[in-house]
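As a plain string of letters, each chain reads:
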Amino acid sequence: MLFDTHSHVKPWSHDASQTIDQLLNDAEQKGLAGICLTDHYEKDLFYERGYEDIFDPDEYFRHLGSKRLDPNSAVKQGKPAFLIGAELGWLPHLRDHLIWLTSNYPFDNVILSMHVFRGSDPYINENFFSEGIEVVYPEAIADMVDMIETFSDFDILGHFDYVSRYYKSENAKMLYKHAPDQFDSLFKKMAEDGKCLEINTRTTVKMRSMGYIKSESLPDPDIIKRYLELGGKYISIGSDSHHNGDAALIFSEMKEWLQSNGVNRLTYFVERKPVEYII
Ligand SMILES: [Zn+2]
Ligand SMILES: [Zn+2]
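The present account deals with the structure reproduced in this document. Computed from a predicted model, the values in this text were never measured in an experiment. (Residues numbered from 1 in each chain as written. Chains lettered and ligands numbered in written order. Predicted model: local features only at pLDDT ≥ 70, side-chain atom pairs only at ≥ 80, totals over all residues. Heavy atoms only, no water.)

### Some thoughts on the overall build of the protein
- The helix and strand inventory of the protein stands at ten helices and nine strands.
- Taking 279 residues into account, the globule formula puts the C-alpha radius of gyration at 19 Å, and the protein, at 18 Å, falls close to it.
- Structurally, the protein occupies a C-alpha span of about 50 × 45 × 35 Å along its principal axes.
- When burial is assessed residue by residue, the protein has 56% of its 279 residues classed as buried.
- Accessible surface for the protein amounts to roughly 12000 Å². Of this, 48% is attributable to carbon and sulfur atoms.
- Positive and negative charge centroids in the protein, built from 29 and 45 side chains respectively, lie 5 Å apart. (Helix = DSSP H or I, 4+ residues; strand = E, 2+ residues; numbered from the N terminus. Rg over C-alpha atoms; globule rule 2.2 N^0.38 Å. Buried < 20%, exposed > 50% of the residue type's maximum accessible area, 1.4 Å probe, protein only. Areas by Shrake-Rupley, 256 points an atom, 1.4 Å probe, with all protein chains shown as cover. Lys, Arg positive; Asp, Glu negative; His and termini not counted. Charge placed at Lys NZ, Arg CZ, Asp CG, Glu CD.)

Structural data, given as structure tokens:
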């Protein structure tokens, strides 16, 4: 049984359409061991709604706290565990604010994600790739190295391959060879700090919609191999679900892919502490 460590619901995430009850029901239908809610906390970013894409953490915990179900109680009740986290959108000037947030609220799991690279979000900026992926991909990974050197109060590095979702080409998939030095620096730092690498199945599904056949759409094996070689310890699997029915998206395929690449344990976080399980 797998644990889905990345999911979003409305109204807390601006781009989610599912409710918490739909998500919990979906997790149960999919036979998950547990799910962690990780709503967007994108301070100083304004997407569709015209106001900052953050949730009020007091309200968040007031509404969701009573639904939290720790893994031990979940097993007794025969239900998936339900944990409460957040996906923090990184901008360098937010460092102190994010430290305030993570130190003042009882998150189980903090995902640190980069959606904005040098002031620009590939989700919005059509010219994001104008210099070509030979330039953009190494820069994106290098920016993540800077990010984790600046801010360490997180558990999981979210979707390292986020930018590839928006490169409109049949060659969009991010490969180790696009940025070998940058990946090495990133993985060394993660290993040193005991951070967790997320395998995000939503990116894989996006690759499929961009023309990759099933087997080719899965992540580059060289990435995971190098992560393990450099001492990377923790790996999580996240569906990044935003809509009803997307929990555990292609998890059984991804589990096989992970096993075939030498990964036999995954991790989720409870009260910010890693819990490993065999797959
Ligand atoms: Zn989202
Ligand atoms: Zn994200």
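What follows continues from the structure just given.
### Some points on the coordination of the zinc ion (ligand 1)
- Each protein donor to the zinc ion (ligand 1) is listed here as Asp15 (OD), His40 (NE2) and His242 (NE2); together their distances run 2.0 to 2.1 Å.
- Each donor residue of the zinc ion (ligand 1) lies on the same chain, and together they follow the pattern D-x24-H-x201-H.
- Between the two metal centres, the zinc ion (ligand 1) and the zinc ion (ligand 2), the spacing is 5.4 Å. Highlighted residues: aspartate 15 in the loop between strand S1 (3-4) and helix H1 (20-29) and histidine 242 in the loop between strand S7 (234-238) and helix H10 (251-260), separated in sequence by 227 residues.
- For aspartate 15, a relative accessible area of 25% translates into the label partly exposed. (Donors = N, O, S within 2.8 Å, 3.2 Å for Na, K, Ca; no water.)

### Some details on the coordination of the zinc ion (ligand 2)
- Within the protein, the zinc ion (ligand 2) binds to Glu87 (OE), His115 (NE2) and His159 (NE2); these donor distances fall in the range 2.1 to 2.3 Å.
- Mapping the donors of the zinc ion (ligand 2) onto the primary sequence gives the spacing E-x27-H-x43-H.

### Side note on empty space enclosed by the protein
- For the coordinates displayed, the defined rule picks out one cavity of 30 Å³ or more.
- Estimates place the volume of the largest cavity at around 70 Å³.
- Along its surface, the largest cavity is lined by Phe160, Asp161, Ser164, Lys173, Met174, Thr203, Thr204, Met207, Ser217, Leu218, Pro219 and Asp220.
- Per-element tally for the lining of the largest cavity: the top contributor is helix H7 (residues 201-209), with three residues.
- Across the lining of the largest cavity, the residue classes break down as five nonpolar, four polar and three charged. (1 Å grid on protein atoms, 1.4 Å probe; cavity = no way out; pocket = protein on both sides within 12 Å on 5 of 7 lines; lining within 4 Å. Points joined across faces, edges and corners; volume = space filled by probe spheres on them. Nonpolar A, V, L, I, M, F, W, Y, C, P; charged D, E, K, R; others polar.)

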